[in-house]
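Report on the structure
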Amino acid sequence: MKVKITPEREIGKRDPMIYGHFLEHFHRQIYGGIYDPESPFADEEGFREDVLDALKRIRVPVIRWPGGCFVSAYHWKDAVGSRRQPFFDKAWRVEDPAKFGTDEFIRFCRKVGCEPYFCTNAGTGTPEEMSDWVEYCNLEKEGKYARWRIANGFPRPHKVKYWSIGNENYGSWEIGAKSAEEWGRFALESAKMIKHVDPSVELSAAALPDLDWNLNLLRHCGEFLDWISIHGYWDGLVEENRWADYEGVMAFTSHTADSIEKVEGLLKAMGLEGKIKIAFDEWNLRSWHHPNTFGLPMGVTPKEYLYPRDENDRNETYNVADAVFGACFLNTCLRHCNFVKMANFAPAVNTRGCIYTHKDGIVLRPTYYVFDLYVNDLGDTVVDCWYESPRMQVKNKEGRMEETDVLDVVATKKQDRIVLAAVNKDPEKARTLQPEFERKPKAYRIHVLTGDTVDSYNEIGKEAVRPARGDWQEWKEDGLLLPKHSVNVIEFRFS
Ligand code: AHR
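Owing to the predicted nature of the structure, the values given are computational and were not obtained by experimental measurement. (Residues numbered from 1 in each chain as written. Predicted model: local features only at pLDDT ≥ 70, side-chain atom pairs only at ≥ 80, totals over all residues. Heavy atoms only, no water.)

1. Topic: the overall build of the protein
So the rule is basically this: By the criteria applied, helices consist of DSSP H or I runs no shorter than four residues and strands consist of E runs no shorter than two, each listed in order from the N terminus. Our radius of gyration looks at C-alpha atoms and nothing else; its globule reference is 2.2 Å times the residue count to the power 0.38. Relative accessibility thresholds used throughout: buried, under 20% of the residue-type maximum; exposed, over 50%; partly exposed, between the two (1.4 Å probe, protein chains only). Only the protein chains shown count as covering a residue, and every accessible area follows the Shrake-Rupley method with a 1.4 Å probe. The convention is simple: Lys and Arg are positive, Asp and Glu are negative, and His and the chain ends are not counted. One atom stands in for each charge, and that atom is NZ of Lys, CZ of Arg, CG of Asp or CD of Glu.
Across its full length, the protein carries 11 helices and 26 strands. In terms of C-alpha radius of gyration, the protein reaches 23 Å, essentially the compact-globule figure of 23 Å for 495 residues. Each principal axis of the C-alpha distribution contributes one length, and for the protein these read about 70 × 50 × 45 Å. When burial is assessed residue by residue, the protein has 62% of its 495 residues classed as buried. When the accessible surface of the protein is totalled, it reaches about 19300 Å², and 49% of it is carbon and sulfur. Of the charged side chains in the protein, 66 are positive and 78 negative, and the gap between their average positions amounts to 3 Å.

Okay, structure coming up:
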């Protein structure tokens, strides 16, 4: 397949925050994940240093916290200071020990070197409670919350720049769900109070690709918003952990832009392009498995609603298909880089995350290496890249046949070099990519991420999916062979 790259025609600059992550107080993401004081890998503050190193290697730019559904009954004051008590997490129906709260998260983000992004409680919480949190984090010393932070050992403000109002308050599953009209008003009052405390913060609010919800939100609150938040999980596994096979996942790759395009269209129609950015602040191919907690019947025994969450720890669930999908989603974010300025992989650690922790170390799942390649090898300017991909038939998860492009290619500029992200979704055949440039490159190198089969995955003591990093080779214009079911990053230099 020919692909015509025109470096002079720049589409836009991608914001590094499209490579962001999310952590929720759910299962082993926080306790037993990033925070495990009993672990031999823990540092003096209880953070796992092997996890910190892995997150630093993929230069995580931003982490959203503390939820997710968890946040919609979370009161931040319960987990700061010296007089904390364990509290009952009404979303996930477990006891939270309150050992990890605002200050611990700030410390963690400083160690990672990323921005903290706070999601506030718009379920049982109030605009005042949200703005109290902003006082605690961002005021120098004015008022009782800034003074409380100082008394807790933090004389300098935490300077939290990114805040969002609510999580998924549009959903019946969410504690404190609201109608579109209620949401517009509530978000406005929350935004006013937050901006009254610190007008410099950047503010988002929970949204989805729904015209009525977003119109209400933007009409009431648009002038206060810098972002609009949407979420996406394609392989629905909440109640039944029957994950889509490779073909089913390839069918999903045709739908990575659906939500973005709808929200983009509305922002354009309302003249908000360039004023409000899209934060795709929860995304993952696979939704999390937690049966009998999102609706009726609610599980009664731990066997019904708690123990099944351990299923999320099965590494075989996260295979080459996850890497191929993740690359296609990030390619979509790159193509839409003028609107999508943040995306947060849900989550970073454990559950469906790209890093899995166990008592003797960590496993870097295939999706981790997609971030490794995209963050460390792709450029920051997206340029015009024209091609006509062959198509292939795939059976989707419902058993219906769908068509999808075989190849998914994005071109970026990195100083004076061109770097392509090229995905070959074909499960059986290698495909040839024939890049065409105005100027003939001198040399190229190609890094390939794939496994022996579409079901290859990484496990404790066995890494079957990791990048094969290539050396520089002379460019002879004889095309590039992209292995079957592979993610490829190809760098060209012209001098
Ligand atoms: O399954 C986990 C949940 O997915 C998150 O808590 C929520 O934000 C999303 O619906």
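2. Examining the environment of G222
To be explicit about the condition: Residue contacts are counted whenever heavy atoms from the two residues lie within 4.5 Å of one another.
Locating G222 in the fold gives a position in the loop between helix 6 (211-221) and strand 9 (227-235). Here the alpha-carbon distance between G222 and K275, two residues 53 residues apart in the chain, equals 9.2 Å. Leaving out residues up to four positions away in the same chain, G222 has contacts with L217, K275 and I276.

3. What about the pairing of strand 17 (residues 407-414)?
Every regular strand shows the same layout, with side chains that alternate between the two sheet faces. Under the convention used in this document: One bridge is not enough; two strands pair if DSSP finds at least two bridges between them.
Most of strand 17 sits out of view: seven of its eight residues are buried. Where strand 14 (residues 381-387) lies against strand 17, three bridges are found, and the strand directions are antiparallel. In the strand pairing of strand 17, V383 is matched with A411. As paired elements, strand 17 and strand 18 (residues 417-424) share eight bridges and run antiparallel to each other. Its bridge partner being in strand 18, L407 is matched across the sheet by N424. Count of turn residues in the strand 17/strand 18 antiparallel hairpin: two residues, of which Q415 carries a positive phi of about 50°.

4. Some words on the nonpolar core
Cut-off, in case you're wondering: For this analysis, a nonpolar core means a set of buried residues of the types Ala, Val, Leu, Ile, Met, Phe, Trp, Tyr and Cys, connected via side-chain atoms within 4.5 Å. For the domains described, the bounds stem from an automatic or database domain assignment.
Counting residues in each nonpolar core, the largest one holds 153 residues, and the members touching the most others are I165, W183, W283, Y374, L433, I490 and F492. Ranked by residues supplied to this core, first place goes to helix 10 (residues 320-335) with 11 residues. There are two domains that each give this core at least three residues, and those are domain 1 (2-8 + 381-493) and domain 2 (14-377). If sequence neighbours within four positions are ignored, W283 has contacts with G232, W234, F325, G326, F329, L330, A343, N344, F345, A346 and F371. Ranked by size, the runner-up nonpolar core spans seven residues in total, among them M17, Y117, Y162 and W227.

5. A short note on helix 1 (residues 49-57)
Those residues of helix 1 that fall on the buried side of the exposure criterion are D50, V51, L52, A54 and L55. Check the buried side of helix 1 and you find it contacts helix 2 (102-112), strand 12 (355-358), strand 13 (361-364) and helix 11 (366-377). Positive phi appears at R59, one or two residues downstream of helix 1, with a value of about 45°.

6. A short note on the packing of helix 10 against helix 11
For the record, the criterion: Simply put, an axis is a line fit to the C-alpha atoms, just over the touching stretch for a helix, and the angle between two N-to-C directions goes from 0 to 180 degrees. Working rule for handedness: look at the near helix, and if it is turned counterclockwise from the far one by less than a right angle, call the crossing left-handed; if clockwise, right-handed. All amino acids are sorted into three groups, where Ala, Val, Leu, Ile, Met, Phe, Trp, Tyr, Cys and Pro are nonpolar, Asp, Glu, Lys and Arg are charged, and the leftover types, Gly among them, are polar.
Between helix 10 and helix 11, the least distance of the axes is 8 Å, while the angle of their chain directions is 35°. In this structure, helix 10 meets helix 11 at a crossing whose hand is right-handed. For the pair helix 10 and helix 11, contact is made by D322, A323, G326, A327, L330, N331 and L334 and by P366, T367, V370, F371 and Y374, respectively. Tallied by class, residues from the contact of helix 10 with helix 11 come to eight nonpolar, three polar and one charged.

7. Some remarks on the pairing of strand 18
Most of strand 18 is tucked away: seven of the eight residues are buried. Here seven bridges tie strand 18 to strand 26 (residues 486-493), and the two strands are oriented antiparallel to one another. From the neighbouring strand, I418 faces strand 26, where its bridge partner is F492.

8. Remarks on the sheet that holds strand 2 (residues 20-22)
One open sheet holds the eight strands; their spatial order is 8-7-6-3-2-11-10-9, and the pairing between them is parallel. The outermost strands of the open sheet, each flanked by one partner alone, are strand 8 (202-205) and strand 9. Strand after strand, the sheet turns through a mean of 25° between neighbouring axes, direction not considered. With four bridges connecting them, strand 10 (residues 277-286) and strand 11 (residues 340-345) associate as parallel partners. For I278, the partnering residue across the bridge sits in strand 11 and is V340. Where helix 3 (residues 127-138) meets the sheet, it contacts strand 3 (62-65), strand 6 (115-119) and strand 7 (162-165), and its direction lies at approximately 170° from that of strand 7.

9. Notes on the environment of H21
Secondary-structure assignment places H21 in strand 2. Take H21: its relative accessible area is 0%, and that puts it in the buried class. Put simply, H21 and V71 are 50 residues apart on the chain and 16 Å apart in space, counted from C-alpha to C-alpha. Discounting residues that sit within four places of it in the chain, H21 has contacts with I58, V60, V62, I63, R64, A343, N344, F345, A348, C354 and F371.

10. Digging into the site of the ligand
Applied cut-off: Residue proximity to a molecule or strand is established when one non-hydrogen atom of the residue lies within 4 Å of it. Each polar contact in these results corresponds to two N or O atoms within 3.5 Å; when the atoms are within protein, one needs to be able to donate a hydrogen and the other to accept it, and residues that are neighboring in sequence are counted only if both atoms are side-chain atoms.
Neighbouring residues of the ligand: E24, G68, C69, W92, N167, E168, Y233, E282, W288, H290 and F294. In the model, an oxygen atom of the ligand is placed 2.7 Å from a nitrogen or oxygen of the E24 side chain. With respect to the ligand, the backbone of C69 contributes an N or O atom lying 2.8 Å from an oxygen atom. Computed on the free molecule, the ligand has an accessible area of 280 Å², of which 96% lies beneath the protein chains in the complex. Along the lines of polarity and charge, the residues of the shell around the ligand split into five nonpolar, three polar and three charged.

11. Regarding the side chain of S190
Looking at the secondary structure, you find S190 in helix 5 (residues 180-197). Here F186 takes part through its backbone oxygen, which lies 2.8 Å from a polar atom of the side chain of S190. If we ignore the near neighbours within four places in the chain, the residues touching S190 are P127, M130 and I165.

12. Notes on helix 10
In plain terms, the rule: Here the expected span of a helix is defined as 1.5 Å times the quantity of residues minus one.
For helix 10, with 16 residues, the first-to-last C-alpha span of 23 Å sits near the 22 Å given by 1.5 Å per residue. Within helix 10, 15 of the 16 residues are buried, which leaves the element mostly enclosed by the surrounding structure. For helix 10, the capping residue at the N-terminal end is N319, with a side-chain oxygen 2.9 Å from the backbone nitrogen of A321.

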